[in-house]
Amino acid sequence: MLGRELLLVLMRLAKITQIHSIWVDLINNPAKFGLNEGIEDLFRSNANFYGVRISPEMAKKLEFIICQCKANVQDKHFEWFSNTFFRGPDGPSLRAEAIRYVLYFFKPDMPTHVLEARGHLLYYLLTTVPQNSDVEQQWCKTAVWFDWLTYDAHTSVQFIEPVISMVRIALASVPTKATSLLEYVCKSIALIYPARTDLFKKAANDAMHAVHDYYGCGLMSILDNPRIERSVRDLLRETFSDYFARNVALPSAISQASPLVTLVPPQQPRHANTLVSNSNHTSTTKERVRVKNKDIDRDEKERIKRSKTPSPPNGTVFGELEETKKKKREEEIDDLIEQLRDDFKATMMSLRLVWFTSSPSRYLKYGSV
């Protein structure tokens, strides 16, 4: 029932004498363990065991970081998690188990940002391994890629896709980390069990096909990214040759066909026609330039002539009309002033008469009107 997890445990404890003897029996006599086809029968794994890999406290905190934390604060929570659980002597083993837990942490109703958060958390788990601990680094990389090396058709793509998501994140931030991860999986295929290299190579190619169906054409841009070293890109094409052979577009039949021979007329007649054509073209161009120059000269002469022509005295006809209107308006104003003067005089005389007649004493005092 443990499947590939049993293989991973046996690899971790392979230096123990008793475990080494189990490996010998597993390779030479697989029927002793009820295996019909050998170790490939263990490639199928039951995902229900992922919840018992770590303590409930660790699982609760990891689930909180994946599901609740935003990307910009995830690193702060992971720093607390790392200082709490990975500082002890069993830190390397717990880190690898945490990696396996994150890979298998999946629910059908998980939103997209939570699926992406798994890749971010894997990136933190791998990049925070102490630099002086080569053994721990190698073992954590094995824990990351082991589902690829032992992939079978019953494995969900959600258990292997976070690795590519982590590689994509590493390419954007630290390309050397992405290069190291891809180089590791390529070399592990030939080193994990040299006698069965073809078996592990086929499993890795099948896993790449499954992820390709999940990503679409975007996977090729990750594997053939110019940020990855050229030697590693060549190694990827060699290791995943089956995948590249199926998904890289072949040159079209037109480009592969031999070039057609084009019949060319004799050189001398074509040269003569070219000379005639060039001569006609040159004469036409000169004629156009000459006509254009004539038009420019004519326009310039007209402009000079207009500038030298004196303007009519007292302005134009419109000026004479304005002058006539002005004189007429002045005459009307004079007539109005005379009329107002007469009206004002009559009004004052009438007021004076009323003032005297209203009081006889005023008349005697100031005199008659």
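In this text, all values refer to a predicted model and were calculated from it rather than measured experimentally.

Colleague: So what exactly am I meant to see when it comes to the pattern of salt bridges here?
Modeller: Two side chains of opposite charge can pair, provided their charged atoms sit close to one another. This structure, assessed with the given rule, holds 16 salt bridges. The shortest N-O distance in the salt bridge between Arg168 and Glu116 comes to 2.7 Å. Of this pair, Arg168 sits in helix 8 (residues 161-173) while Glu116 sits in helix 6 (residues 112-127), and the two are 52 residues apart along the sequence. Residue Glu116 is classed as partly exposed on the basis of its relative accessible area, which comes to 29%. Through salt bridges that share partners, Arg4, Glu5, Arg100, Asp147 and Asp152 make up one connected network.

Colleague: Sorry, what's going on with the packing of helix 7 (residues 134-149) against helix 9 (residues 175-191) here?
Modeller: One way to put it is that helix 7 packs onto helix 9 with a least axis distance of 10 Å and a crossing angle of 65 degrees. By the angle class used here, helix 7 and helix 9 are roughly perpendicular. Every pair of crossing elements has a handedness; the one defined by helix 7 and helix 9 is right-handed. Residue-level inspection shows Gln138, Lys141, Thr142, Trp145 and Leu149 of helix 7 in contact with helix 9, the latter providing Ser180, Leu181, Leu182, Tyr184, Val185, Ser188 and Ile189. Here the contact of helix 7 with helix 9 is composed, by residue class, of 7 nonpolar, 4 polar and 1 charged.

Colleague: Where do I start with helix 4 (residues 74-85) in this structure?
Modeller: Along an α-helix, residues three or four apart share an orientation, since each turn contains 3.6 residues. When the terminal C-alpha atoms of helix 4 are compared, their 16 Å separation across 12 residues agrees well with the 16 Å that a helix rising 1.5 Å per residue should span. Among the residues of helix 4, those classed as buried are Gln74, Phe78, Phe81, Ser82 and Phe85. Buried residues of helix 4, seen end-on, are gathered within an arc of 100 degrees and therefore sit on one face of the element. Away from its buried face by more than 90 degrees, helix 4 exposes Lys76 and Glu79.

Colleague: What is the right way to look at the side chain of Thr155 in this model?
Modeller: Within the secondary structure layout, Thr155 lies in the loop between helix 7 and helix 8. A distance of 2.8 Å separates the side chain of Thr155 from the side chain of Arg4, its partner in a polar contact. In terms of polar contacts, Thr155 uses its side chain to reach the side chain of Asp152, at 2.7 Å.

Colleague: Explain the confidence of the model for the protein chain here, please?
Modeller: For any part of a model where pLDDT is low, the fine detail of the predicted coordinates should not be relied upon. Per-chain confidence: the protein chain averages 78 in pLDDT, with 74% of residues scoring 70 or above. Between the elements of the protein chain, mean pLDDT differs from a low of 34, seen in helix 14 (residues 253-256), to a high of 94, seen in helix 12 (residues 230-239). Every residue in residues 308-318 is under pLDDT 50, and counting partners more than four places away or in other chains gives 0 contacts.

Rules used throughout
- Residues numbered from 1 in each chain as written.
- Predicted model: local features only at pLDDT ≥ 70, side-chain atom pairs only at ≥ 80, totals over all residues.
- Heavy atoms only, no water.
- Salt bridge = Lys/Arg side-chain N within 4 Å of Asp/Glu carboxyl O.
- Helix = DSSP H or I, 4+ residues; strand = E, 2+ residues; numbered from the N terminus.
- Buried < 20%, exposed > 50% of the residue type's maximum accessible area, 1.4 Å probe, protein only.
- Axes fitted to C-alpha atoms, helices over the stretch in contact; angles between N-to-C directions.
- Parallel < 35°, antiparallel > 145°, perpendicular 65-115°, else oblique.
- Left-handed = near helix turned anticlockwise from the far one by under 90°.
- Contact = heavy atoms within 4.5 Å.
- Nonpolar A, V, L, I, M, F, W, Y, C, P; charged D, E, K, R; others polar.
- Expected span 1.5 Å × (residues − 1).
- Arc of directions from axis to C-beta.
- Polar contact = N/O pair within 3.5 Å; in protein donor to acceptor, adjacent residues only side chain to side chain.
- pLDDT = per-residue confidence, 0-100.

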